[in-house]
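Here are the chains, one letter per residue:
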Amino acid sequence: MHELVNTRHNLQIDPHLHIWGWEIGVYLFLGGLVAGMMIISGFFIFTGRTKNTKCSCFLIPIIALIAISLGMLSLFLDLEHKLYVWRMYLTFQWTSPMSWGAWILLLVYPVLIVNVLLKLPEELYGNFPHLRKISEYLNSSHSILQTIGMISMIIGASLGMYTGVLLSALGARPLWNSSMLWILFLTSGLSSAAAFIHLVAREEEERRMLAKADNSFLIFEFVVIMLLLVGFLTSDQVHIEAVKLLLSGEYSAIFWVFVVSLGIVIPLIIQLMAVNNKIRHTVIAPIMVMLGGLILRFVIVSAGQASHWSGQVFR
Amino acid sequence: MARYGMVIDTKKCVGCMDCVVACKVENNVPEGYNRDWISYETAGKFPKLRQEIRSERCNHCDNPPCVYCCPCGASHIAETGGVVLIHEDKCSGCKACIAACPYNARFMHPEGYAAKCTFCIQRIEKGELPACISVCPTYCMNFGDLDDPQSKVSQLLEIRKHHCLIPAAGTKPQIYYLT
């Protein structure tokens, strides 16, 4: 026998950690979604697609503003000392991914607002003529548009990457402690964003392009997930035990059914058939991809907290 | 500069939990929470069993992930003996430090800030021992400056076999257990 028992029973800590609930999963999903939206919309602006007034890059920043605000509300709900949220903005702690994230989130807003100002509804221009001048200035030269597109892509990528680094920097939770995690979250954010924009895009050509892009993101995401699992399996005992939570443990059913099968593989097959004109484009695949992205965050947040180092001393 | 640490003799500890009670009283630890606790590890096959009883708490690590991950600068290494502390009035309750600790030594105080063992900083700054040590009936716990080769803790580590907890996590814990 080998038994380790202790007398501690702290709330949210024992029998295993559960400090972060749905709020963090929702935030990580929305953060990833907005990151993907900023990268895709920034790419559209950078490549001169703003000439087409129906381009979804005019709509996406508004939705992204709402989504990131909901995400930040979710983060705020998670804080135990809500009135002290401003403490994060009195300092910059360069060793803390969360501090980086807090400041990146502040940069996301002005970038998205500049994106929104590229083209506003005519009624707004009627009431606020100055806004038209701003829009005209922003659209006045190719280099300004390219700069806006590039900055959107960079800030979007930073946001997407940090959501993964946030967890992977916590070495005490073996299942998070992989440098693949930021790639997974960034790719998942891109695939969710491509799926979302595919739903709201107004032009057939753009929808086809996004479906193709989404297929690439999904294939890449699948490869990243497999490599993440391989990385853990070829690591030390603590990480092997941690990945068992996803392979055969408590989280394996939800992971393989909802994240891998229904969230990646099946929508990929549907979309591959759609882009090859075998079946029509429907909303089913994009919705599955987004739900898969959300459930991925829930699984990683929850299973990561269940993974732990062993305090055993006897060997 | 001093480097405070603890050296705990597992051959003497009987798991009476006096240290746990003393800590709760001294630090007004809220009901349902503990800053220190007892671990019982048993291994072997009956009747050849071996057991180690340990009084555990925050390890005041030399490489503390809880300090590095704090976005508010609330978690910090104090000037007094490298003790890891929390500025309660800077903590936003994000819980990153709790997730960062491989020992699960931290918890959320019901008032909304992270809390844990402080080595009874209020006592050691007055030259007293931490409350847990001051009440130990078997004198199994020792507190002192690990940087001072003449201190009792350094001398014990010099002559006795010892281990710390989860060294593989790389946090360089400063609580040692004599075996």
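Up top is the structure.
Anyway, here's the lowdown on the structure attached to this text. As the structure is a prediction and not an experimental result, all values here were calculated from the model.

**Let's talk about unusual backbone geometry**
Turning to step 1, where the next piece is worked out: For the bond from Asp-14 of chain A to Pro-15 of chain A, the omega torsion is 5 degrees, close enough to zero to count as cis.
Turning to step 2, where the next piece is worked out: By the element assignment, Pro-15 of chain A lies in the loop between strand E1 (2-6) and helix H1 (22-46).
Turning to step 3, where the next piece is worked out: Cis geometry is found at the peptide bond from Phe-46 of chain B to Pro-47 of chain B, where omega equals 5 degrees.
Turning to step 4, where the next piece is worked out: Residue position: Pro-47 of chain B is located in the loop between strand E2 (37-45) and strand E3 (48-56).
Turning to step 5, where the next piece is worked out: The backbone of Phe-119 of chain B sits at a positive phi, close to 60 degrees, despite the residue not being glycine.
Turning to step 6, where the next piece is worked out: Position of Phe-119 of chain B relative to the elements: it lies in the loop between strand E7 (114-115) and helix H4 (121-124).
Turning to step 7, where the next piece is worked out: Judged by its relative accessible area of 1%, Phe-119 of chain B falls in the buried class.
Turning to step 8, where the next piece is worked out: In the Ramachandran plot, Tyr-139 of chain B falls in the positive-phi region, its phi being about 50 degrees despite a non-glycine side chain.

**A word on helix H11 (residues 284-306) of chain A**
Turning to step 1, where the next piece is worked out: For H11 of chain A, with 23 residues, the first-to-last C-alpha span of 32 Å sits near the 33 Å given by 1.5 Å per residue.
Turning to step 2, where the next piece is worked out: Burial analysis of H11 of chain A places 17 of its 23 residues in the buried class, which makes it a mostly covered element.

**Focus: the pairing of strand E1 (residues 4-9) of chain B**
Residues and elements named next belong to chain B.
Turning to step 1, where the next piece is worked out: The buried count for E1 comes to 6 of 6 residues, which makes it a mostly enclosed element.
Turning to step 2, where the next piece is worked out: The two faces of E1 match: Tyr-4, Met-6 and Ile-8 on one face and Gly-5, Val-7 and Asp-9 on the other face are all buried.
Turning to step 3, where the next piece is worked out: Of the pairings in the sheet, the one linking E1 to strand E10 (residues 175-178) comprises 4 bridges and is parallel in character. Bridge pairing links Asp-9 to Leu-178 in E10.

**With respect to the packing of aromatic side chains**
Turning to step 1, where the next piece is worked out: As enumerated under the stated definition, the model contains 8 aromatic pairs over all chains in all.
Turning to step 2, where the next piece is worked out: Ring centres of Tyr-84 of chain A and Trp-86 of chain A lie 6.0 Å apart, and the angle between their planes is 55 degrees; this geometry places the pair in the tilted category.
Turning to step 3, where the next piece is worked out: Pairing Phe-119 of chain B with Phe-143 of chain B gives two aromatic rings, centres 5.2 Å apart and planes at 80 degrees, and the pair type is edge-to-face. Pair noted here: Phe-119 of chain B is in the loop between E7 and H4 and Phe-143 of chain B is in strand E8 (residues 141-145), with a separation of 24 residues, a long-range link.
Turning to step 4, where the next piece is worked out: Assessed through its relative accessible area of 16%, Phe-143 of chain B is described here as buried.
Turning to step 5, where the next piece is worked out: A network of ring pairs unites the aromatic residues Tyr-4, Phe-119 and Phe-143 of chain B as a single cluster.

**A look at the environment of Gln-237 of chain A**
Residues and elements named next belong to chain A.
Turning to step 1, where the next piece is worked out: Topologically, Gln-237 is positioned in helix H9 (residues 237-247).
Turning to step 2, where the next piece is worked out: You can call Gln-237 partly exposed: its relative accessible area is 48%.
Turning to step 3, where the next piece is worked out: Measuring from C-alpha to C-alpha, the distance between Gln-237 and Ala-195 comes to 38 Å, with 42 residues separating the pair along the chain.

**Some details on the nonpolar core**
Residue and element names in this part refer to chain A.
Turning to step 1, where the next piece is worked out: The biggest cluster of nonpolar side chains holds 116 residues, and the ones touching the most others in it are Trp-20, Leu-159 and Leu-167.
Turning to step 2, where the next piece is worked out: No other element matches the 15 residues that H1 contributes to this core.
Turning to step 3, where the next piece is worked out: Non-local contacts of Leu-167, meaning those with residues more than four positions away in its chain, are made with Trp-20, Leu-28, Trp-176, Leu-181, Phe-185, Ile-300 and Val-301.

**Brief notes about the environment of His-18 of chain A**
Residue and element names in this part refer to chain A.
Turning to step 1, where the next piece is worked out: The residue His-18 is located in the loop between E1 and H1 in this model.
Turning to step 2, where the next piece is worked out: The exposure class of His-18 is partly exposed, given its relative accessible area of 41%.
Turning to step 3, where the next piece is worked out: His-18 sits 130 residues away from Ile-148 along the chain, and the two C-alpha atoms are 40 Å apart.

**What about the sheet that holds E1 of chain B?**
Residues and elements named next belong to chain B.
Turning to step 1, where the next piece is worked out: On the basis of which strands lie adjacent, the open sheet formed by 4 strands has the order E8-E1-E10-E9 and mixed pairing. Each end of this open sheet is capped by a strand with a single partner; those strands are E8 and strand E9 (162-163).
Turning to step 2, where the next piece is worked out: Pairing of E1 with E8 involves 5 bridges; the strand directions are antiparallel. Paired with Val-7 across the two strands is Asn-142, which belongs to E8.
Turning to step 3, where the next piece is worked out: Contacting E1, E8, E9 and E10, helix H6 (residues 152-159) crosses the sheet at an angle of about 115 degrees to E8.

**Comments concerning the sheet that holds E3 of chain B**
Neighbouring strands of a sheet are bound in pairs by backbone hydrogen bonds; such pairs are parallel or else antiparallel.
Turning to step 1, where the next piece is worked out: Strand order across the open sheet formed by 3 strands is E1(A)-E2(B)-E3(B), with antiparallel pairing between neighbours. Here the strands that pair on one side only, and so sit at the sheet edges, are E1 of chain A together with E3 of chain B. Within this sheet the neighbouring strands show an average axis-to-axis angle of 15 degrees, counted without direction.
Turning to step 2, where the next piece is worked out: Pairing geometry for E1 of chain A and E2 of chain B, over 5 bridges, is antiparallel. Opposite Val-5 of chain A, over in E2 of chain B, you have Tyr-40 of chain B as the bridge partner.

**Digging into the interface of chain B and chain A**
Turning to step 1, where the next piece is worked out: Every contact between the two is made by 51 residues of chain B and, on the other side, 41 residues of chain A.
Turning to step 2, where the next piece is worked out: The contact between chain B and chain A buries some 3900 Å² in all, and 58% of this surface belongs to carbon and sulfur atoms.
Turning to step 3, where the next piece is worked out: Along the contact surface separating chain B from chain A lie 2 salt bridges.
Turning to step 4, where the next piece is worked out: The partner of Lys-95 of chain B in a salt bridge is Asp-78 of chain A, and the shortest N-O contact between them spans 3.1 Å.
Turning to step 5, where the next piece is worked out: Taken together, the connections running from chain B to chain A amount to 27 residue pairs in polar contact (both at pLDDT 80 or more).
Turning to step 6, where the next piece is worked out: Element by element, the count of residues in the side of chain B that touches chain A is highest for E2 of chain B, at 8 residues.
Turning to step 7, where the next piece is worked out: The class makeup of the residues in the side of chain B that touches chain A is 29 nonpolar, 12 polar and 10 charged.

Reading the values: the criteria
Residues numbered from 1 in each chain as written. Chains lettered and ligands numbered in written order. Predicted model: local features only at pLDDT ≥ 70, side-chain atom pairs only at ≥ 80, totals over all residues. Heavy atoms only, no water. Helix = DSSP H or I, 4+ residues; strand = E, 2+ residues; numbered from the N terminus. Buried < 20%, exposed > 50% of the residue type's maximum accessible area, 1.4 Å probe, protein only. Expected span 1.5 Å × (residues − 1). Pairing = 2+ DSSP bridges. Phe/Tyr/Trp six-rings, centres within 6.5 Å; stacked < 30°, edge-to-face > 60°. Core = buried A, V, L, I, M, F, W, Y, C linked by side-chain atoms within 4.5 Å. Contact = heavy atoms within 4.5 Å. Axes fitted to C-alpha atoms, helices over the stretch in contact; angles between N-to-C directions. Buried area = accessible area lost by both parts, 1.4 Å probe. Salt bridge = Lys/Arg side-chain N within 4 Å of Asp/Glu carboxyl O. Polar contact = N/O pair within 3.5 Å; in protein donor to acceptor, adjacent residues only side chain to side chain. Nonpolar A, V, L, I, M, F, W, Y, C, P; charged D, E, K, R; others polar.

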